[in-house]
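Okay, here's what each chain looks like letter by letter:
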Amino acid sequence: MTICLAVDIGGTKLAAALIEMDATSSLSSSRMSAPRIVARHLAETRSSGDPQVLTATLTELLGPLAASADYVAVASTGIIDHGVLTALNPHNLGGLDRFPLQSVIADITGLPVYLINDAQAAAWAEYLAYEQSFADLAFITVSTGVGAGLVLNHQLITGARGIAGHAGHMLADPQGPTCGCGRRGCVEAIASGRAIAAAGQAVFGTDCSGLQVYQRYLQGDAQAQAIIELSAAAVAELIANLTITLDLDAIVIGGGVGLAENYIALVEQALARMPALYRPQVLPARCHTDAGLIGVAQWAAAHSQAQQ
């Protein structure tokens, strides 16, 4: 039994948890007993391009927990390339870019640090949560941004440069709004929580949040309904594109928007208008908001064992 200090760095919050792990096989099969979260702490992701702000937040969050852990596993938004965090859409981290995340956390904790993208971590958690029933699976998170993780032939795909799965930046509408990555019409620019908020502000006023747009949709507001249905349709197009490219068995949807009331039903309605080959099985995330924490702990446990 080992203790993992798992960290999930998102666009709006940072979560840290001490997780009891019992890895019993390799990364390819990853048969493990269910992880048990024994402590959890949250902090706000402060919007600042100053790397010292993130370093200070990580120090406050992780410092008190490090003494109880054997290693650190980090799931972070953005591209994780050889330990460095690069924000494809810098707006999701307040303008922060090229942050040496692995070395900073190693200095704070004095522990071995393993890290991957948060959607990649969540994909691994959901693959295991669905009992490895699907050889080829994609996880899509619709939250502050839109991200994805891929499990192909029972293997988590991260890519040589950590880019694999950044499907939120696939094209949804060439005439759509400009995305934070610099490209026009990405899925993230239409479907994400930030995009929903921006569309709502254009209709309901500058104080409108994405949550308020969604509440208006649930109350039957026609303009809010159009915004949310456009978001779901963009995600459906993403699902169709991934499925026809990768021959997927299933898609798991998570994230604050993705798991909101009736959102998956809207996605399925949009998919139903497409030919059958574009329609995989669509499932809700079983790990909910803990997918990143649990997945990166499971991945790091097996990954570290494979290196021994």
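Residues numbered from 1 in each chain as written. Predicted model: local features only at pLDDT ≥ 70, side-chain atom pairs only at ≥ 80, totals over all residues. Heavy atoms only, no water.

What follows is about the pairing of strand β1 (residues 2-9). Of all 8 residues making up β1, 7 are buried, and the element is well covered by its neighbours. Relative to strand β2 (residues 13-21), β1 is paired through 8 bridges, and the arrangement is antiparallel. Bridged to threonine 2 within β2 is methionine 21. Between β1 and β2, which follow one another and run antiparallel, lie 3 residues. Bridging between β1 and strand β4 (residues 71-76) involves 6 bridges; their strand directions are parallel. When the bridges of β4 are listed, valine 7 appears paired with valine 74. (Buried < 20%, exposed > 50% of the residue type's maximum accessible area, 1.4 Å probe, protein only. Helix = DSSP H or I, 4+ residues; strand = E, 2+ residues; numbered from the N terminus. Pairing = 2+ DSSP bridges.)

The 5 strands are arranged β3-β2-β1-β4-β7 in an open sheet whose pairing can be described as mixed. Each having just a single partner strand, β3 (36-44) and β7 (113-117) make up the two edges of the open sheet. Shown here is a sheet whose adjacent strand axes are inclined to one another by a mean of 15°, direction ignored. On top of the sheet, helix α2 (residues 101-109) reaches β1, β4 and β7; it is set at about 145° to β7, its chief contact. (Axes fitted to C-alpha atoms, helices over the stretch in contact; angles between N-to-C directions. Contact = heavy atoms within 4.5 Å.)

Within β4, 6 of the 6 residues are buried, leaving the element largely enclosed by the surrounding structure. Of the two faces of β4, both are covered, the one formed by Tyr71, Ala73 and Ala75 as well as the one formed by Val72, Val74 and Ser76. When β4 meets β7, the two strands line up parallel, connected through 5 bridges. Bridge pairing in β7 links alanine 73 to tyrosine 114.

What follows covers the confidence of the model for the protein chain. On average, the protein chain scores 91 in pLDDT, and the residues at 70 or more come to 93%. Counted against residues more than four places away or in other chains, residues 25-30, with its pLDDT under 50, gives 17 contacts. (pLDDT = per-residue confidence, 0-100.)

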